[in-house]
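For reference, the chains in residue letters:
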Amino acid sequence: MNGVQTCALPILEKLSVRYGGGGNSQIQIGALAGSTSIINVDLYDSAGHGFYAGIGADYISLLNCKAISSASNGFYQFNGNCSFVNCVARDCGGDGFHTCSNLVNCVVDGGEITGSGFYLCDQLTSCSASDCTNGINNCHEMASCESLRNTNNGFLDCSYIAASYAVSNGVNWNNCTHTAACND
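Residues numbered from 1 in each chain as written. Predicted model: local features only at pLDDT ≥ 70, side-chain atom pairs only at ≥ 80, totals over all residues. Heavy atoms only, no water.

**A few points about the state of the cysteines**
- Scanning all chains against the criterion turns up zero disulfides.
- Left unpaired, Cys82 is separated from the closest cysteine sulfur, that of Cys100, by 8.2 Å.
- Given the relative accessible area of 0%, Cys82 is considered buried.
- A disulfide-free cysteine, Cys158 has its sulfur positioned 4.7 Å from the sulfur of Cys176, the nearest such atom. (Disulfide = S-S within 2.5 Å. Buried < 20%, exposed > 50% of the residue type's maximum accessible area, 1.4 Å probe, protein only.)

**Considerations on the confidence of the model for the protein chain**
- On average, the protein chain scores 88 in pLDDT, and the residues at 70 or more come to 87%.
- This model gives residues 1-8 a pLDDT under 50, and the stretch forms one contact once residues within four places in sequence are excluded. (pLDDT = per-residue confidence, 0-100. Contact = heavy atoms within 4.5 Å.)

**Concerning the packing of aromatic side chains**
- This structure, assessed with the given rule, holds eight aromatic pairs.
- Aromatic pair Tyr52 and Tyr76: ring centres 5.5 Å apart, planes at 10°, arrangement stacked. You can see Tyr52 sitting in strand β4 (residues 49-53) and its partner Tyr76 sitting in strand β7 (residues 75-76), a full 24 residues away along the chain.
- Tyr52 gets classed as buried once you look at its relative accessible area, which sits at 12%.
- Between Phe97 and Phe118, the ring centres sit 5.1 Å apart and the planes meet at 10°, which makes this aromatic pair stacked. Placement of Phe97 in strand β10 (residues 97-98) and of Phe118 in strand β13 (residues 116-119) is noted, with a sequence separation of 21 residues between them.
- Judged by relative accessible area, Phe118 falls into the buried class, the value being 0%.
- Put simply, the rings of Phe51, Phe75, Phe78, Phe84, Phe97 and Phe118 pair up and form one aromatic cluster. (Phe/Tyr/Trp six-rings, centres within 6.5 Å; stacked < 30°, edge-to-face > 60°. Helix = DSSP H or I, 4+ residues; strand = E, 2+ residues; numbered from the N terminus.)

Written out as structure tokens, the structure is:
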């Protein structure tokens, strides 16, 4: 091998889990699993969070993942250097995405039981929340996002919002700042 060692990044791929997560979650990523890619993983009926990033978990990438009917949050605590592309949270007992960063094309369908679609999340692009209590709550730095048919608020306590819209919510825009090209 000419003295060169190669190391492939850890990948969790093509997995479907049902009725798990007696503790914190069905899939819990720890600090030692940094730089892991999670691809096409579907979680159903979790007793806790669907996906959970433990303290110190960093550089986790989730692609085409689903958290369906989690008793708590669908995706929890993937902040900082983690990222999401094309992920879905549906019918979660808590929030769809809670304390997550770098979300692209992610969707929350609350089924009228999810608290907030996105809560305490940063850097959202082309994300959508519908049929939740609050669609997008206390989130920052977003573009081309939508909030539809949420019971209370479409966008609540959010800032730095560009080209986004809210329709058919209890209140479409509530206490949001630094908005550009947004409508309802």
